[in-house]
Amino acid sequence: MNLEELCEVASTCVKCPLHESRTKVVFGEGSKNAKIMLVGEAPGKKEDETGRPFIGMAGRILSEIIEEAGMDRSDIYITSIVKCRPENNRKPKKLEYTTCIDLYLNKQIELIDPDIVGLLGNSAAYALIGKKNIKQIHGNTYKLNGRKYMALFHPAAALYSRVLLPQLKKDMVILKKAIEK
Ligand code: SF4
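Residues numbered from 1 in each chain as written. Predicted model: local features only at pLDDT ≥ 70, side-chain atom pairs only at ≥ 80, totals over all residues. Heavy atoms only, no water.

Let's shift gears to the sheet that holds strand β1 (residues 29-30). Read from one edge of the open sheet, 6 strands run β1-β3-β2-β4-β6-β5, paired in mixed fashion. Edge positions in the open sheet fall to β1 and β5 (141-144), since each of these has one partner strand only. Bridge count between β1 and strand β3 (residues 77-80): 2 bridges; the pairing is antiparallel. Paired with Glu-29 across the two strands is Ile-78, which belongs to β3. Each of β2 (36-40), β4 (116-120), β5 and β6 (147-152) touches helix α5 (residues 122-129); the most contacted strand, β4, lies at about 135° to it. (Pairing = 2+ DSSP bridges. Helix = DSSP H or I, 4+ residues; strand = E, 2+ residues; numbered from the N terminus. Contact = heavy atoms within 4.5 Å. Axes fitted to C-alpha atoms, helices over the stretch in contact; angles between N-to-C directions.)

Right, dumping it as structure tokens:
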């Protein structure tokens, strides 16, 4: 199955309870040949309405830091650990993210085969590499099953705490350097 076919399957998915609270499935977008994939927690309100990832306020911050690091957002593939918005923006539950990762994210990573996967925030870092405490692990790279991962703050965290923004920018530069090696 290719990426488009997988997206088609996801668009009508009812495999976990999150299908009940969604408007649109937010599968992901960006280059199919991306060297960097970014994985967030879950779609928010705007994403749920449009079916596109990271297009709200946090998305604007993400686009800004990607550009400041000298990259083009369209060269990166951006998605989340769950493709449907949890009600009231609560955190996805274990059953929800393990189901969605197993059905979609793992296959997206396999098909795109990026050099590195950037994990945005605690939920993505814990779900993909089992690491907690983003304040301690951000900027670090990890290798798991032959795949390279790096943890970064979630752009929404930089919205609420502007002191995190410079750190997020630095980490995005580190992420870019990781694909230049
Ligand atoms: S979150 Fe993922 S597994 Fe759950 S319904 Fe949506 S697409 Fe399916």
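So much for the structure itself; the text now carries on.
With that out of the way, let us pick up the pairing of β2. Among the 5 residues that make up β2, 5 are buried, leaving the element largely enclosed by the rest of the structure. Side chains Ile-36, Leu-38 and Gly-40 project from β2 onto one buried face, and the interleaved Met-37 and Val-39 project onto a second face that is buried too. Bridge count between β2 and β3: 4 bridges; the pairing is parallel. Within β3, the position partnered with Leu-38 by the bridge is Ile-78. (Buried < 20%, exposed > 50% of the residue type's maximum accessible area, 1.4 Å probe, protein only.)

Let's shift gears to the UniProt feature "domain: Uracil-DNA glycosylase-like" (unreviewed entry) in the protein chain. Taking the UniProt record as the reference, the feature "domain: Uracil-DNA glycosylase-like" (unreviewed entry) is found at residues 27-176. As annotated, residues 27-176 has a helix share of 45% and a strand share of 17%, and its two end C-alpha atoms lie 24 Å apart. (UniProt positions renumbered as here; feature names shortened; annotations may be inferred.)

Further remarks concern the packing of helix α3 (residues 57-68) against helix α8 (residues 164-180). For the pair α3 and α8, the least separation of the axes is 9 Å and the interaxial angle reads 50°. By the angle class used here, α3 and α8 are oblique. Every pair of crossing elements has a handedness; the one defined by α3 and α8 is right-handed. On α8, the residues that touch Ile-61, Leu-62, Glu-64, Ile-65, Ile-66 and Glu-68 of α3 are Leu-165, Leu-168, Lys-169 and Met-172. For the contact of α3 with α8, a count of residues per class yields 7 nonpolar, no polar and 3 charged. (Parallel < 35°, antiparallel > 145°, perpendicular 65-115°, else oblique. Left-handed = near helix turned anticlockwise from the far one by under 90°. Nonpolar A, V, L, I, M, F, W, Y, C, P; charged D, E, K, R; others polar.)

Another aspect to go through is the site of the ligand. Surrounding the ligand, one finds Cys-13, Lys-15, Cys-16, Leu-18, His-19, Arg-22, Val-82, Lys-83, Cys-84, Cys-100 and Tyr-104. Among the residues forming the shell around the ligand, the class breakdown is 7 nonpolar, 1 polar and 3 charged. (Near = heavy atom within 4 Å.)

It is worth spelling out the nonpolar core at this point. If you look at the biggest cluster of nonpolar residues, it comprises 56 residues, and the most contacted ones within it are Leu-38, Leu-62, Leu-119, Leu-128 and Met-172. At 7 residues, helix α4 (residues 94-112) tops the list of elements feeding residues into this core. The residues contacting Leu-128, other than those within four sequence positions of it, are Ile-81, Ile-101, Leu-105, Ile-109, Leu-119, Leu-144 and Tyr-149. (Core = buried A, V, L, I, M, F, W, Y, C linked by side-chain atoms within 4.5 Å.)

This brings us to the side chain of Glu-96. Mapped onto the elements, Glu-96 comes out in helix α4. A distance of 2.8 Å separates polar atoms of two side chains, one belonging to Glu-96 and the other to Arg-90. Engagement of the side chain of Glu-96 in a polar contact is seen with the backbone nitrogen of Lys-93, the distance being 2.7 Å. (Polar contact = N/O pair within 3.5 Å; in protein donor to acceptor, adjacent residues only side chain to side chain.)

In this section: the packing of aromatic side chains. Aromatic ring pairs are defined here through the distance separating the ring centres and the angle between the ring planes. One pass over the full model with this rule turns up 0 aromatic pairs. Directly above the aromatic system of Phe-27 lies the positively charged group of Lys-83, at a separation of 6.0 Å from the ring centroid. (Phe/Tyr/Trp six-rings, centres within 6.5 Å; stacked < 30°, edge-to-face > 60°. Lys NZ or Arg CZ within 6 Å of the ring centre and 35° of its normal.)

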